[in-house]
Every structure is written in structure tokens, then in C-alpha cells.
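# Structure assessment
The residues making up each chain are set out below.
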Amino acid sequence: MKNEVKKLGRPVNENSVRQQRIKELEFKRENGLLKRGRPVNENSERQKRIKELENKRKNGELKRGRPVNENSDRQKRIKELESKRELGLVKRGRPKKIGNEIAA
């Protein structure tokens, strides 16, 4: 007894333009020759900038975020608070309640 496998659907014309294109694309895909998307121009300003930033990242020269202004009011307050913390003048947490009074 032979088990015959019958193809379902409409027969495929192997010589059609579409089938030839599909075979060609499959061949290119297997060999790694299939290029997709827009080609990159290596000499463009953007590509030069991307390479420059990449090199800076590797060397650790690229700083992230906005630079801090040391003379701003906020930074002055932060430095003042840090110096008080180092001296132990700033108490942490919530004030303690003793009886009816709040201890500082």
C-alpha cells in the first residue's frame, strides 16, 4: 500500500515571473546577499556624528544629561544641607512627640 500525498490548492506555475522572483530572493537570503531598507551613506554628517559619539562613549568622555550649574540657588541649598549633615546638625525623620509637646 502506498500513501500518496496530494497537494491542495491551485497548481503553481514554476516559470512565472513571480515564482522566479521568489526563488531568486530565497537564494539571496540563504547566501546573505539580501539587502533590505535604505542604504546608509557613510560620509554623511549624521553618520560622522554617530561614529564620533560612539568613540566618546567607548573612551568614557561622553557626559549624560544636562550640566549642573553650581551657582544656582538650588545647588547652594543642597551644598549647605550636605555640610550640615556632615556636622550632624540635621536630624533625620519625623519629630518625636512626648506627651502633649513635640520634641525638636
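So, here is what we can say about the structure in this document. (Residues numbered from 1 in each chain as written. Predicted model: local features only at pLDDT ≥ 70, side-chain atom pairs only at ≥ 80, totals over all residues. Heavy atoms only, no water.)

## A word on the overall build of the chain
In terms of regular secondary structure, the chain is built from three helices and two strands. Starting at the N terminus and walking to the C terminus, you meet the elements of the chain as α-α-α-β-β. Here the C-alpha radius of gyration of the chain, 35 Å, is well above what a compact globule of 104 residues would show, namely 13 Å. Seen through its C-alpha atoms, the chain measures out along the principal axes to roughly 100 × 50 × 20 Å. Out of the 104 residues belonging to the chain, those deemed buried represent 3%. Of the roughly 11,700 Å² that the chain leaves accessible, carbon and sulfur atoms contribute 48%. Both charge centroids of the chain, one from 33 positive and one from 16 negative side chains, sit 4 Å from each other. (Helix = DSSP H or I, 4+ residues; strand = E, 2+ residues; numbered from the N terminus. Rg over C-alpha atoms; globule rule 2.2 N^0.38 Å. Buried < 20%, exposed > 50% of the residue type's maximum accessible area, 1.4 Å probe, protein only. Areas by Shrake-Rupley, 256 points an atom, 1.4 Å probe, with all protein chains shown as cover. Lys, Arg positive; Asp, Glu negative; His and termini not counted. Charge placed at Lys NZ, Arg CZ, Asp CG, Glu CD.)

## Regarding the pattern of salt bridges
All told, the structure shown has nine salt bridges when counted by the stated rule. With its nearest N and O atoms 3.1 Å apart, the salt bridge here joins Lys23 to Glu14. The exposure class of Lys23 is partly exposed, given its relative accessible area of 48%. For the salt bridge of Glu26 with Arg29, the shortest nitrogen-to-oxygen distance reads 3.2 Å. Taken together, the residues Glu26 and Arg29, both in helix H1 (residues 17-31) and three residues apart, mark about one turn of the helix. (Salt bridge = Lys/Arg side-chain N within 4 Å of Asp/Glu carboxyl O.)

## Describing the side chain of Gln19
Note on placement: Gln19 falls in helix H1. Not counting the four nearest positions on each side in its chain, Gln19 is found in contact with Val12, Asn13 and Glu14. (Contact = heavy atoms within 4.5 Å.)

## Quick word on the environment of Arg36
By the secondary structure assignment, Arg36 is in the loop between H1 and helix H2 (45-59). Measuring from C-alpha to C-alpha, the distance between Arg36 and Glu61 comes to 34 Å, with 25 residues separating the pair along the chain.

## Thoughts on H2
An ideal rise of 1.5 Å per residue puts 21 Å on 15 residues; H2 measures up with 21 Å between its terminal C-alpha atoms. Phi turns positive one or two residues past the end of H2, at Gly60, with a value near 80°. (Expected span 1.5 Å × (residues − 1).)

## Notes on helix H3 (residues 73-87)
For an α-helix, the turn length of 3.6 residues means that residues three or four places apart are oriented alike. The end-to-end C-alpha separation of H3 is 21 Å, in line with the 21 Å expected for 15 residues at 1.5 Å each. Once H3 ends, the next one or two residues include Gly88, with phi positive near 85°.

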